[in-house]
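# Coordinate inspection notes
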Amino acid sequence: QKDTGARGARSGRQLLDLILIGVAFSVMVSGLAVLMLAARRERRANDLKSDFISNVSHELKTPLSIISMFGEMLATGRIKSQEQATEYADIIWRESVRLARLIDNVLDFAKIERGSDVYEFAEGDVAAVVQRALELSVHRLQKADLEVTARYDDDLPLARIDANALTLAVLNLVDNAIKYAAAGKRLEVEVTHDKVRGGITLTVRDFGPGIATDEHERIFERFYRSRAVRLMPVRGSGIGLALVKHITLAHGGEITVESDPGAGATFRLWIPAGGQE
């Protein structure tokens, strides 16, 4: 009986040892898997940041080079007529606006990354914000040969908004359409009163290359650029739509996209009437 009891005790210890070894092995495997996943995510984040820095550097250098070139031509008097001088001055102004907009995007994105409070809300008119954004974009729209139609409901309620931030969001949506919509096509903008949900909806519809269904959520991620866009000779920072989403959420709203490849894209930005306290 003693031998039987001793054998039982040894078997119990062996079974316990096997269980502990199995648990330890599982923990090690799980730990390695987590480390590999974290390393993969870190590599992907670093790759995205590198692309972001490269793209932003390129987008900064392009308007700076144009401003420098035409500024030098004006300064040295290398112009044939007053009309040409006006044209050069207009190019310098247009590129400086483009440069300022990019810098605003980068600065606001940096504040958001640090978690800084970048919004100042006050009662405002969403339609007036959209009209201002379109006015600021008029030269780029003309240069891109995009026909713009805008419609505003007459009974739009006021909302608590950060006018500057919301203007930046609209500018990014318009810039997105300018970059990817083919010349000669059109851009449709609507601001409507959503009486069912009690809010205001901004719709921006382009007729560009469209977005694959599986990328509808990802295009709002920071640094992400869709597959179709990556194949086009168009540079971008990859933060424009991420900023649009952040600004929309800060207003208590939501941003969605409807699109199919080759059929253009429709962005809908909704914010509640009255906005966020």
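Description of the structure in this document. If you're wondering where the values come from, they're calculated on a predicted model, not measured in any experiment. Numbering of residues starts from 1 in each chain and follows the order in which that chain's sequence is written. Totals for whole chains, interfaces and linings use all residues, but because this is a predicted model, local features are given only for residues with pLDDT of at least 70 and pairs of side-chain atoms are given and counted only at 80 or more. Derived side-chain values reflect all non-hydrogen atoms in the structure, with water molecules and hydrogen atoms excluded from consideration.

## Some remarks on the packing of helix 3 (residues 126-136) against helix 5 (residues 163-180)
Angles shown run from 0 to 180 degrees and are taken between the N-to-C directions of axes, each axis being a line fitted to C-alpha atoms and, for helices, limited to the stretch in contact. Helix numbers and strand numbers start at the N terminus; a helix is a DSSP run of H or I with at least 4 residues, a strand a run of E with at least 2. Contact pair helix 3 / helix 5: the axes reach a minimum separation of 9 Å and the direction vectors enclose 50 degrees. Classified by the angle between their axes, helix 3 and helix 5 sit oblique to one another. Judged by the sense of rotation from one axis to the other, the crossing of helix 3 with helix 5 is right-handed. Between helix 3 and helix 5, the contacting residues are Val-126, Val-129, Val-130, Arg-132, Ala-133, Leu-134 and Leu-136 on the first element and Ala-163, Asn-164, Leu-166, Thr-167, Val-170, Leu-171 and Val-174 on the second. Taken together, the residues of the contact of helix 3 with helix 5 sort by class into 11 nonpolar, 2 polar and 1 charged. Small angles under 35 degrees read as roughly parallel and large ones over 145 as roughly antiparallel, with 65 to 115 read as roughly perpendicular and the rest as oblique. We call a crossing left-handed when the near helix sits turned anticlockwise from the far one by less than a right angle, and right-handed when that turn is clockwise. The contact rule is simple, with two residues in contact once any of their heavy atoms fall within 4.5 Å. Polarity classes work like this: nonpolar for Ala, Val, Leu, Ile, Met, Phe, Trp, Tyr, Cys and Pro, charged for Asp, Glu, Lys and Arg, and polar for all others, with Gly in that last group.

## Topic: the packing of aromatic side chains
Note on aromatic contacts: the rings of Phe and Tyr and the six-membered ring of Trp form a pair at centre separations within 6.5 Å, being stacked when their planes are under 30 degrees apart, edge-to-face when over 60 apart, and tilted otherwise. Taken as a whole and assessed by the stated rule, the structure comprises 1 aromatic pair. The side chain of Arg-186 reaches across the aromatic face of Phe-207, ending 4.0 Å from its centre. A ring is considered to have a charge above it if a Lys NZ or an Arg CZ atom is located within 6 Å of its centre and within 35 degrees of its normal. It is Arg-197 that lies over the ring of Trp-270; its NZ or CZ is 4.0 Å from the centre.

## Examining the sheet that holds strand 2 (residues 147-152)
Pairing between sheet strands relies on hydrogen bonds along the backbone, with the strands arranged either parallel or antiparallel. Spatially, 5 strands are ordered 2-4-5-7-6 in an open sheet, and the strand pairing comes out mixed. Looking at strand neighbours, the two that pair on one side only are strand 2 and strand 6 (254-259), the edges of this open sheet. Going from strand to strand, the sheet's axes swing by 15 degrees on average, the running direction of each strand aside. Two strands pair under a simple rule: DSSP has to find at least two bridges between them. Strand direction decides the pairing type here: strand 6 and strand 7 (residues 265-272), joined by 6 bridges, are antiparallel. Among the inter-strand pairings, Ile-255 is bridged to a residue of strand 7, identified as Leu-269. Strands in contact with helix 5 are strand 4 (186-194), strand 5 (199-206) and strand 7; relative to strand 7, the strand with the most contacts, it is inclined by about 170 degrees.

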